[in-house]
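Geometric and topological summary
Residues per chain are reported as follows:
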Amino acid sequence: MSFPQSRMRRLRRTEALRSLVRETTLEPGDLIYPLFICPGEGVRKPVGSMPGVFNVSVDEAVREAEEAASLGLGGLLLFGLPEAKDEQGSGAWDENGIVQQGLRAIKNSAAAKKLVLIADVCLCEYTSHGHCGIVKETPDGWTVENDPTLDLLARTAASLALAGADVVAPSDMMDGRVAAIRAALDKQGSADTSILSYASKFASAFYGPFREAADSAPQFGDRRSYQMDGANLREAMREIDLDLAEGADMILMKPAMPYLDVIRAARERVDVPIGAYQVSGEYSMLQAAIAKGWLDRDRAILESLVGIRRAGADFAVTYFAKDAAKLLN
Ligand code: PBG
């Protein structure tokens with residue numbers, strides 16, 4: 001049947017009809033809000049390249065958690081800005097590290113029961129050189145050493161679990177990290193802590209503003225020897241298969257908007273929960289256009305997130321989480 005019997009516009013006539021036939025939902029509970037925790041008290045330091053995003057001290061992080069819970073968000077993803085950095089990134093697994101402190105404080109608040117607390121596991125915020133693993137000089141130049149880094153990541157994840165993380169999320173892209181983390185968690189009795197692996201994480205220009213927010217820009221070189229080439233979809237599928245075989249409970253795809261096809265392919269391939277990270281550059285790009293009055297703020301925010309859900313993600317990590325929840329509530 002075709003026109004004039006078929007008229008697609010019949011079901012677009014009223015909001016009630018449009019709502020009835022809407023295929024994709026977006027709810028506050030689908031959204032994870034990233035927090036950058038820094039030393040101090042009463043600190044809310046704006047991140048220049050990410051309007052509306054702050055480095056917050058532990059006490060402020062608790063207030064953020066309470067707001068997130070009252071808005072019905074799904075959870076928080078925690079990053080840390082340590083007091084000091086060193087070659088190995090020892091602040092990452094310090095029992096009294098900045099994220100560990102944040103986790104304990106948030107766990108003690110009323111918000112904790114309503115939120116999933118996810119701790120990012122990586123070394124780049126903690127190393128003096130800004131790379132995600134141990135750097136070694138070789139005759140061919142520097143390299144990030146895979147296997148010695150695994151132990152440090154495993155210690156970090158174990159310490160974050162002890163501090164109260166419900167989920168640990170390795171974002172370093174070392175081979176074998178999921179297995180190493182699972183083993184370390186199980187060994188210390190954290191068998192119920194789950195792993196959300198950044199299974200396909202592309203070496204992306206869109207992480208630029210994050211590196212200001214987390215003070216984690218590499219001091220030399222780039223991350224292309226460990227993060228994925230943006231041209232490769234099949235390789236992303238292998239990364240997912242390997243992480244699941246090593247024991248990942250959920251996977252995170254990142255960035256989102258330039259890689260929606262990869263999210264879709266992952267959705268069709270695996271049945272584990274899939275998250276997608278609308279990264280800093282995606283946020284800043286939208287905020288810049290919104291500030292200029294070139295985009296309708298509310299509609300652009302929601303459309304960007306519905307697109308991620310439609311591509312196949314169960315949940316989205318986004319700096320717009322609070323804004324989107326206010327629009328949805
Ligand atoms: C740590 C990490 C990064 C992001 C999340 N975890 C930075 C990077 O890989 O350089 C980026 C998140 C964002 O851009 O919002 N490795």
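Look up a bit, the structure's there.
So, here is what we can say about the structure in this document. (Residues numbered from 1 in each chain as written. Predicted model: local features only at pLDDT ≥ 70, side-chain atom pairs only at ≥ 80, totals over all residues. Heavy atoms only, no water.)

1. Here's the deal with the site of the ligand
Neighbouring the ligand are 18 residues; K201, R211, K254, S280 and Y319 lie closest to it. Between the ligand and Y319, the relevant distance is 2.5 Å, taken from an oxygen atom to a side-chain nitrogen or oxygen of the residue. Protein contacts shield 100% of the accessible area of the ligand, which totals 400 Å² for the unbound molecule. Tallied by class, the residues present in the shell around the ligand amount to 10 nonpolar, three polar and five charged. (Near = heavy atom within 4 Å. Polar contact = N/O pair within 3.5 Å; in protein donor to acceptor, adjacent residues only side chain to side chain. Areas by Shrake-Rupley, 256 points an atom, 1.4 Å probe, with all protein chains shown as cover. Nonpolar A, V, L, I, M, F, W, Y, C, P; charged D, E, K, R; others polar.)

2. Focus: the packing of helix 10 (residues 297-311) against helix 11 (residues 321-328)
To characterise two packed helices, one gives the angle between the axes of the helices and the distance between these axes. At their nearest, the axes of helix 10 and helix 11 sit 10 Å apart, and the two run at 105° to each other. With respect to helix 11, the element helix 10 is oriented roughly perpendicular. Of the residues in helix 11, those touching helix 10 at R297, D298, I301, L302 and L305 are D323, A324, L327 and L328. A breakdown of the residues in the contact of helix 10 with helix 11 according to their chemical character gives six nonpolar, no polar and three charged. (Axes fitted to C-alpha atoms, helices over the stretch in contact; angles between N-to-C directions. Helix = DSSP H or I, 4+ residues; strand = E, 2+ residues; numbered from the N terminus. Parallel < 35°, antiparallel > 145°, perpendicular 65-115°, else oblique. Contact = heavy atoms within 4.5 Å.)

3. Things to note about unusual backbone geometry
In this chain, F3 is followed by P4 through a cis amide linkage whose omega measures 10°. Along the chain, P4 falls in the segment before helix 1 (15-20). Along the chain, K254 connects to P255 via a cis peptide bond; the corresponding omega equals -10°. Assignment of secondary structure puts P255 in the loop between strand 10 (250-254) and helix 8 (260-269). With a phi angle near 70°, M173 is a residue other than glycine that sits in the positive phi range. On the secondary structure map, M173 appears in the loop between strand 8 (167-170) and helix 5 (177-187). One non-glycine residue, D215, lies in positive phi territory at about 50°. Looking at D215, the relative accessible area reads 44%, which means it is partly exposed. (Buried < 20%, exposed > 50% of the residue type's maximum accessible area, 1.4 Å probe, protein only.)

4. A look at a positive patch on the surface
On the surface, R7, R9, R10 and R12 cluster together to form a positively charged patch. Relative to the helices and strands, R7 is located in the segment before helix 1. Using a relative accessible area of 42% as the deciding quantity, one classes R7 as partly exposed. (Patch = residues over 30% accessible without salt bridge, like charges linked within 9 Å, V, L, I, M, F, W, Y side chains within 5 Å. Salt bridge = Lys/Arg side-chain N within 4 Å of Asp/Glu carboxyl O. Lys, Arg positive; Asp, Glu negative; His and termini not counted. Charge placed at Lys NZ, Arg CZ, Asp CG, Glu CD.)

5. Description of the packing of helix 2 (residues 58-70) against helix 3 (residues 98-107)
Across the interface, helix 2 lies against helix 3 with an axial gap of 9 Å and an inter-helix angle of 45°. The orientation of helix 2 with respect to helix 3, classified from their angle, is oblique. Relative to helix 3, helix 2 is oriented so that their crossing is right-handed. Counting all contacts with helix 2, which are made through V58, A61, V62 and A65, the residues of helix 3 involved are I98, Q101, G102, A105 and I106. By residue class, the composition of the contact of helix 2 with helix 3 is seven nonpolar, two polar and no charged. (Left-handed = near helix turned anticlockwise from the far one by under 90°.)

6. Here we look at the pairing of strand 12 (residues 315-318)
A two-sided burial pattern is seen for strand 12, the buried positions comprising F315 and V317 on one face and A316 and T318 on the other. Alignment of strand 11 (residues 274-278) against strand 12, held across four bridges, turns out to be parallel. Note that in strand 12 the partner of Q278 across the bridge is T318. (Pairing = 2+ DSSP bridges.)

7. Brief notes about helix 9 (residues 280-291)
Each full turn of the α-helix corresponds to 3.6 residues, which orients residues three or four apart in the same direction. Given a rise of 1.5 Å per residue, 12 residues ought to cover 16 Å, and the 16 Å separating the end C-alpha atoms of helix 9 matches this to within 8%. Along helix 9, the residues classified as buried are S280, G281, E282, Y283, S284, L286, Q287, A289 and I290. Packed against the buried residues of helix 9 are helix 6 (208-213), strand 11 and helix 10. (Expected span 1.5 Å × (residues − 1).)

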